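Report on the structure
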Amino acid sequence: MKAIIYCRVSTEKSTQDTSLTRQKEELETFANKHQFEVIKIIEERHSGFDVDREGIIEALALFKDKQAEALLIQDDTRLGRGHSKIALLHELRKMGIAVFTIQDHGEIYLADADLMVLEILSAVEEFQRKIANLKISRGITRAIKDGFEPHKNLSNLHLGGREKKEVPVEEIINLRKKNLTFHEIAATLRGLGFDVSKATVHRRYKEYMDAAEKQTKNEW
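Here's what I pulled together on the structure shown here. Note on numbering: residues in each chain are counted from 1, in written sequence order. Local features in a predicted model are, by the rule used here, given only for residues with pLDDT of at least 70; side-chain atom pairs are given and counted only at 80 or more, and totals for whole chains, interfaces and linings are based on all residues. Hydrogens and waters are ignored; side-chain quantities use all the structure's heavy atoms.

Before going further, it helps to spend a moment on helix H1 (residues 17-33). Across its 17 residues, H1 extends 24 Å between first and last C-alpha, which sits within 8% of the 24 Å expected from 1.5 Å per residue. Buried within H1 are the following residues: Ser19, Leu20, Gln23, Leu27, Phe30 and Ala31. Down the axis of H1, the buried set is contained in an arc of 95°. They therefore lie on one face. Exposed positions of H1 whose direction lies more than 90 degrees from the buried face are Thr18, Thr29, Asn32 and Lys33. Note on definitions: a residue-residue contact is assigned when non-hydrogen atoms from the two residues lie within 4.5 Å. Segments assigned H or I by DSSP are reported as helices when at least four residues long, segments assigned E as strands when at least two residues long, and all are numbered from the N terminus. In the core, the buried residues of H1 are packed alongside strand E1 (2-9), strand E2 (37-45), strand E3 (70-73), helix H3 (76-79), strand E4 (98-101) and strand E5 (106-107). Each helix should span, by expectation, one fewer than its residue count multiplied by 1.5 Å. Residue exposure (1.4 Å probe, protein chains only): buried if accessible area is under 20% of the type maximum, exposed if over 50%, otherwise partly exposed. To be clear, the arc concerns the directions from the helix axis to the C-beta atoms.

Turning next to the nonpolar core. Burial of nonpolar side chains together is a common tendency in soluble globular proteins. In this structure, Ile4, Phe63, Leu71, Leu79 and Leu92 are the most contacted members of the largest nonpolar core, which totals 21 residues. Elements with a contribution of two residues or more to this core: E1, helix H2 (54-64), E3 and helix H4 (83-94). In this structure, Ile5, Leu27, Phe30 and Ala31 belong to the second largest nonpolar core, which totals 13 residues. Take the buried Ala, Val, Leu, Ile, Met, Phe, Trp, Tyr and Cys residues and link them wherever side-chain atoms come within 4.5 Å; each set so joined is a nonpolar core.

What follows deals with the pattern of salt bridges. Whenever a carboxyl oxygen of Asp or Glu lies within 4 Å of a side-chain nitrogen of Lys or Arg, that contact is scored as a salt bridge. Applying the stated rule across the entire model yields 8 salt bridges. The salt bridge partner of lysine 24 is glutamate 43, with a shortest N-O separation of 3.9 Å. Taken together, the residues span a long stretch of sequence, with lysine 24 in helix H1 and glutamate 43 in strand E2 at a distance of 19 residues. Since its relative accessible area comes to 43%, glutamate 43 is described here as partly exposed.

Right under this line is the structure:
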């Protein structure tokens, strides 16, 4: 199993150098003992209460790219403290990453309270996904009912369902004329492959309307 070793201390003090070195050496020994293939060793000096850490973000990026399947740490406090630890554990669980610690002599042990919070977070995310899918489905159904034909109108789509980076302004205007809200328009376009937000839809619509108004004034 490919793994990343992550070592962390909370300050820049030179007295912490010994701790970083010890963590690294002990984790390398742990990896050899359990036959992990270490692809990266990350050493970081940053507070564990902060989730925005360059080292841990690098590790998450490597995991997202499927370059490793396990994270090796000295103990759970090296991953983080407080809410940041829970947030990172949740993200790692979503990616299917196993976390091993020297302290637990194997996979990380989580207290019942931590497990409960992680289960709640997973349930909330699943609920939010279902709500988002429902809104997309409702928006598309409503648009089609009002005469919208995505297979004819969405000229910006490539074959194979891949989209251009441009936002389909013409379709935003068409859907707005059918009395869809900006939220519903964004959800509908996302369901059709366009990565757009409500704010982007609103901005592009306003830009179009401002340009149209300016052109009308010039014609007069």
